[in-house]
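Residues per chain are reported as follows:
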Amino acid sequence: MKRVFLFLYQWLVFVPLFVIATVLTAVSVVVGCALGNRRFWAYTPPRYWSKLTCRLALCKVQVRGLENINPEQSYIFTPNHQSYFDIFLIYGYLPKNIKWVQKAELRKIPLVGWASEVAGHVYIDQRNLKSHKASLAKVEQQLSQEVGASMVIFPEGARTSDGAIAKFKRGAFVVARQLALPVVPVTLQGVYEVLPRHTWCITPGRMELTVHPPIATDGLHEEDIPRFATRVQQVVQSGYTATK
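What you see is a predicted model, and the numbers here were worked out from it, not measured in a lab.

**Q** Tell me about the side chain of Thr-187, residues and numbers included.
**A** Relative to the helices and strands, Thr-187 resides in strand E6 (residues 183-189). Since its relative accessible area comes to 1%, Thr-187 is described here as buried. Side-chain polar atoms of Thr-187 contact the side chain of His-212, separated by 2.7 Å. In this view, Thr-187 contacts Asn-80, Glu-208, Leu-209, Thr-210, His-212, Val-235, Val-236, Gly-239 and Tyr-240; residues no more than four positions away in its chain are not counted.

**Q** Now, about the environment of Pro-226: what can you tell me, with residues and values included?
**A** Here Pro-226 shows up in helix H8 (residues 225-242). Residue Pro-226 is classed as partly exposed on the basis of its relative accessible area of 44%. Separated by 57 residues in the primary sequence, Pro-226 and Lys-169 have C-alpha atoms spaced 8.0 Å apart.

**Q** Just give me the short version of helix H2 (residues 38-56), but keep the residues and values in it.
**A** For H2, built from 19 residues, the straight-helix expectation of 27 Å at 1.5 Å per residue is met to within 8% by its first-to-last C-alpha distance of 27 Å. Of all the positions in H2, only Ala-42, Tyr-43, Thr-44, Pro-45, Pro-46, Trp-49, Ser-50, Lys-51, Thr-53, Cys-54 and Leu-56 are classed as buried. Residues of H2 that are buried make contact with helix H1 (2-35), strand E1 (60-64), helix H3 (85-93), strand E3 (98-103) and strand E7 (206-211). Positive phi shows up at Leu-58, right after H2, with a value of about 65°.

**Q** Before we move on, could you go through the sheet that holds strand E5 (residues 150-152) and cite the residues and values that matter?
**A** Pairing is mixed across the open sheet formed by seven strands, whose spatial order is E1-E7-E6-E2-E5-E3-E4. Each of the sheet's edge strands pairs with one partner strand only, and the pair in question is E1 and strand E4 (122-124). Neighbour-to-neighbour, the strand axes of this sheet turn through a mean angle of 25°, independent of strand direction. Looking at chain direction, E3 and E4 are connected through three bridges and run parallel. In the sheet register, Val-101 faces E4, and the bridge partner there is Val-122. Where helix H6 (residues 171-179) meets the sheet, its contacts fall on strand E2 (76-79) and E6, and the angle it forms with E2 comes to roughly 165°.

**Q** Can you explain unusual backbone geometry? Please cite residues and give values.
**A** For Leu-58, which is not a glycine, the phi torsion comes out positive at approximately 65°. By relative accessible area, which is 40% here, Leu-58 ends up partly exposed. Within the chain, Ala-180 stands out as a residue other than glycine whose phi angle is a positive 55°. Of note, Ala-180 is situated in the loop between H6 and E6.

**Q** Lay out the packing of aromatic side chains in plain terms, naming residues and giving numbers.
**A** Inspection of the entire model under this criterion finds 13 aromatic pairs. Geometrically, the ring pair formed by Phe-18 and Phe-88 is edge-to-face, given 5.8 Å between the ring centres and 80° between the ring planes. Placement of Phe-18 in helix H1 and of Phe-88 in helix H3 is noted, with a sequence separation of 70 residues between them. Relative accessible area serves as the criterion here: at 9%, Phe-88 is assigned to the buried category.

About the cut-offs
- Residues numbered from 1 in each chain as written.
- Predicted model: local features only at pLDDT ≥ 70, side-chain atom pairs only at ≥ 80, totals over all residues.
- Heavy atoms only, no water.
- Helix = DSSP H or I, 4+ residues; strand = E, 2+ residues; numbered from the N terminus.
- Buried < 20%, exposed > 50% of the residue type's maximum accessible area, 1.4 Å probe, protein only.
- Polar contact = N/O pair within 3.5 Å; in protein donor to acceptor, adjacent residues only side chain to side chain.
- Contact = heavy atoms within 4.5 Å.
- Expected span 1.5 Å × (residues − 1).
- Pairing = 2+ DSSP bridges.
- Axes fitted to C-alpha atoms, helices over the stretch in contact; angles between N-to-C directions.
- Phe/Tyr/Trp six-rings, centres within 6.5 Å; stacked < 30°, edge-to-face > 60°.

Function cannot be inferred from these measures alone, as they are strictly geometric.
Right, dumping it as structure tokens:
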């Protein structure tokens, strides 16, 4: 009976309301940024959209470690990637002006892709080195325009297929080194169980976000990046296992 209720709720309530909220949010971002006060319109509507999505999905949220971040400081946040719901959890409950570094294919999503670009999120084509360098320059430009603006990059590169944390790749840490920004490991837990990679069926549950202390990149050399990535992954993993 519970499965039947959740199925009906998802497709008759959650999905229609989510689609409406998504369209309204995207339009408000595009129009608001065009009229002015881009800092507000690029961040606030998506934040409330994300919180609404978590609540519509009947999920409980717990956040830890916000005392570890300075509102005036820019960071590179490096969370593990469990599910599409990572976006809603981070956007809704990490109180920072966030810019996402995301795959170029996401630019093709109708209206949402355009709104994301207007809001200052950065698309990277990993297959094109020239595009990659241009995207890095755009990251630096976006962060320099707004005090405290930070980037979120998933070091795994893709959502987990089984809930386990995959090896962290170099990209996020190359960006952090080149921009001389601290890296903040972020542990997401419970999100995979809400919406695993190979299904569209939502299972309401408890999602947890843990923000770890920043790790400075001062003096980080190119040859140090693999070891640094492993260090950050270990911090993320420690938060994951500690709350199991």
